[in-house]
Amino acid sequence: MSQILDCAGAHPVLAALGQISAALDEVAAANPVFMDTPAKTTALKRVAALEARMTELRLRITAAADDVAAQTAARDIASWATFHLHARVEDARADQALALALDRRYGVLAAAMRDGLVNHAQASVIARALDALPHDLAPELVAKAETTLIDHCGQYGPKTLARLGRRILEVVAPDLVDALEARRLAELEAEAHRRTKLSLRALGDGTTRISGLIPDAAAARLGSYLTAFTNPRVSTGATGSTTGIASSLGSSPRLPYPRKLGEAFCSLLEAVDPQRLPIHGGDATTLMVTISLADLRAELGAADLLPATDLPGDAETQITAAQARRLACMATIVPAVLGAGSEVLDLGRAQRLFTRAQRKALTIRDHHCRAQGCDIPAAWTEAHHLDPWSHGGATDLKNAVLLCSHHHHRAHDPGYDTQRLPNGDIRFHRRT
C-alpha cells in the first residue's frame, strides 16, 4: 500500500499518507498483548487522536473532491464514496455535509479535529448544534458557541455535547435566549402543523394501520391520556384474578408496552364523549352498526360498521356480534337490526346508553368492577347491561353493573358464561 502511495505523486498529503502506511506496516505483526497496562492506555488515546486527525484530513479532501465525482459522472462525492469506497449511503451523506460545514463555516472546529482534540462523532453533533442556531444570530456569538462546545470535548462525549448544544444560547447569549427560543419554538410549531398528517389503511386482516405525524404538544396530550389507561394494568393478585384494564385480547403483566399502548388507544376511543364531538350529518357523531336479528341473538355472527368515512382500501368493515353487543353497552352507536330482505326492524337510539346520573349512582353502589376478585376502581370501569339490550334489557340501575374493560369483554365473549352472585358480584365460567 505504501509503495502505491509513494509513486502516486509528490503532493505533501500523499507523501504523508505513504509515511503513515509504512509506519503501520512496521507494526502489523506487533502483538499488543505484551504491552503493559499504562502502555495500552497511552496507545488507545493516541490512536483515537490519530483517528480524529485522519478523519479531518479525509473530510478536508472530501470538501474539495467535486472533480472526483465529476470524473465518473457521480451525482456528488457522497455517491462516489458509496460505490467506490463501499461506504454506507447514510454515512457518506453525513460525511459530505460535515466536510462542507467544516470547510465553509466552522474552521475552528476543523482545526480542533486536525489537532486530535475533537473526534468525528463530537464534531458531528457540534456542527448540527451550530447549524440549529438562529440564522440571523451575530457571527461573534456563533463563534463563541463554537469555541465553547469545543472546550467541552475533552470532558464530554457526543450525547452530552448534543444536550449542551441545545442549550448553548443560554451560555453565549443569556440576554437574548428567551426571545430567540420563543421564536425558534414558534417556527418549530408552525412547521409541525404544516407536516401534520394522519392516514388509516385497513389491512384486510381485521386490523387497520394508523400512521401519522402530529405536533409534540398533541403527542404529549395523547401520551398522557394513554398513560391514564395503562396505569391500572398491574399484575394478577394472589387469587389469580386479573386486576387491570385490557382489551378483548386479555390482560397480562408481561404484555409488551407497545401492545399496552395500542389497547389503551382503543379504550380511549371508546371513552370519548360523543356529545362533545362536532355535529356530523345533522346529529352527534355516531357509528352505525347493521346486523340481522338472528345474528344479534346468536352466539356467533357478524355486524357491519358504517363509519362517517370509509377506510382506505376497505369497502366493508365487520365486527363480531359479541363485539357489537359490548359496544351497545357503552359506545354511542346506532344499532340497525335487520330482518329478512334486509328491512330495518328496529333502529335503536343513543338514549339507551347509561346517563351521567346513572353512572354516578353505579359508582356509589358498586365502587369498583364487580367481577369476582377484581378491584379496578369505578373511574376505570364501564357500565354493562346484565340483560342485553338485544334481548329487551332495560337501561336502568337494576339491569346495570360496573365492569372493567377486561371483564366487560369477557361478559360479551361467547366463550364465557356469567352468573350474578347474591352479593352482586359477577362470576365467569369458561364454556367447555
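What counts as what
Residues numbered from 1 in each chain as written. Predicted model: local features only at pLDDT ≥ 70, side-chain atom pairs only at ≥ 80, totals over all residues. Heavy atoms only, no water. pLDDT = per-residue confidence, 0-100. Contact = heavy atoms within 4.5 Å. Patch = residues over 30% accessible without salt bridge, like charges linked within 9 Å, V, L, I, M, F, W, Y side chains within 5 Å. Areas by Shrake-Rupley, 256 points an atom, 1.4 Å probe, with all protein chains shown as cover. Salt bridge = Lys/Arg side-chain N within 4 Å of Asp/Glu carboxyl O. Buried < 20%, exposed > 50% of the residue type's maximum accessible area, 1.4 Å probe, protein only. Core = buried A, V, L, I, M, F, W, Y, C linked by side-chain atoms within 4.5 Å. Helix = DSSP H or I, 4+ residues; strand = E, 2+ residues; numbered from the N terminus. Polar contact = N/O pair within 3.5 Å; in protein donor to acceptor, adjacent residues only side chain to side chain. Axes fitted to C-alpha atoms, helices over the stretch in contact; angles between N-to-C directions. Parallel < 35°, antiparallel > 145°, perpendicular 65-115°, else oblique. Nonpolar A, V, L, I, M, F, W, Y, C, P; charged D, E, K, R; others polar. Disulfide = S-S within 2.5 Å. Pairing = 2+ DSSP bridges.

Before going further, it helps to spend a moment on the confidence of the model for the protein chain. Averaged over all residues, the pLDDT of the protein chain equals 79, while 73% of them reach at least 70. The model gives residues 1-8 a pLDDT under 50, and that stretch makes 11 contacts with residues more than four places away or in other chains. Confidence over residues 307-316 falls short of pLDDT 50; this stretch has 12 contacts with residues more than four positions distant or in other chains.

A surface patch of nonpolar side chains, amounting to about 340 Å² of accessible area, comprises Ile 20, Leu 24, Val 27 and Met 54. Residue class for Ile 20 comes out partly exposed when judged on its relative accessible area of 35%.

This next bit is on the nonpolar core. Counting 32 residues, the largest nonpolar core has Leu 102, Leu 109, Val 118, Ile 126, Leu 130, Leu 133 and Leu 169 as the members making the most contacts within it. Of all the secondary structure elements, the ones that give two or more residues to this core are helix H3 (37-63), helix H6 (89-104), helix H7 (107-114), helix H8 (120-131), helix H9 (139-151), helix H11 (169-172) and helix H12 (177-195). Ranked by the residues each element gives to this core, the list is headed by H8, at six residues. The contact partners of Leu 169, leaving out residues within four places of it in the chain, are Leu 133, Pro 134, Leu 137, Pro 174, Val 177 and Leu 180.

Inspection of every chain in the model, using the stated rule, returns 15 salt bridges. Between Glu 263 and Arg 259 there is a salt bridge, and its shortest N-O distance comes to 2.8 Å. You can see Glu 263 and its partner Arg 259 sitting in helix H14 (residues 257-271), four residues apart, about one turn around the helix. For Glu 263, a relative accessible area of 3% gives the class buried. On the basis of relative accessible area, Arg 259 is assigned to the partly exposed category, the value being 30%. Each member of the salt-bridge network shares a partner with another, and the members are Arg 365, Asp 366, Arg 370 and Asp 425.

Bringing the side chain of Glu 382 into the picture now. With respect to the helices and strands, Glu 382 occurs in strand S10 (residues 381-385). A relative accessible area of 13% means that Glu 382 is categorised as buried. Within the structure, the side chain of Glu 382 is placed 2.5 Å from the side chain of His 408, a separation counted as a polar contact.

For the pair H3 and H7, the least separation of the axes is 7 Å and the interaxial angle reads 135°. Classified by the interaxial angle, the pair formed by H3 and H7 is oblique. The segment H3 lies against H7, with Ala 52, Arg 53, Thr 55, Glu 56, Leu 59 and Arg 60 engaging Ala 110, Met 113 and Arg 114. Counted by class, the contact of H3 with H7 contains four nonpolar, one polar and four charged residues.

Once that is clear, we can look at unusual backbone geometry. Unlike most non-glycine residues, Ala 73 shows phi in positive territory, near 60°. The class for Ala 73 is exposed, based on a relative accessible area of 68%. If you check the backbone angles, His 86 has positive phi at about 60° while not being a glycine. Mapping His 86 onto the fold places it in the loop between helix H5 (77-84) and H6. Judged by its relative accessible area of 69%, His 86 is exposed.

It is worth spelling out the state of the cysteines at this point. Summed over all chains, the structure comprises zero disulfides. Counting only cysteine sulfurs, Cys 369 is the nearest neighbor of Cys 404, a cysteine outside any disulfide, at a range of 3.9 Å.

Let us now look at the packing of H3 against H6. Put simply, H3 and H6 touch, their axes get as near as 8 Å, and they point 85° apart. Considering their axes alone, H3 and H6 lie roughly perpendicular with respect to each other. Each of Arg 58, Leu 59, Thr 62 and Ala 63 in H3 lies in contact with H6, whose residues at this interface are Asp 95, Gln 96, Leu 98, Ala 99, Leu 100, Leu 102 and Asp 103.

With that settled, consider the pairing of strand S13 (residues 426-430). Successive side chains on a regular strand alternate, one facing one side of the sheet and the next facing the other. Sheet analysis places strand S12 (residues 416-420) next to S13, joined by five bridges and oriented antiparallel. Residue pairing in the sheet places Arg 420 in a bridge with Ile 426 of S13. Joining the antiparallel neighbours S12 and S13 is a turn of five residues, in which Gly 424 adopts a positive phi near 95°.

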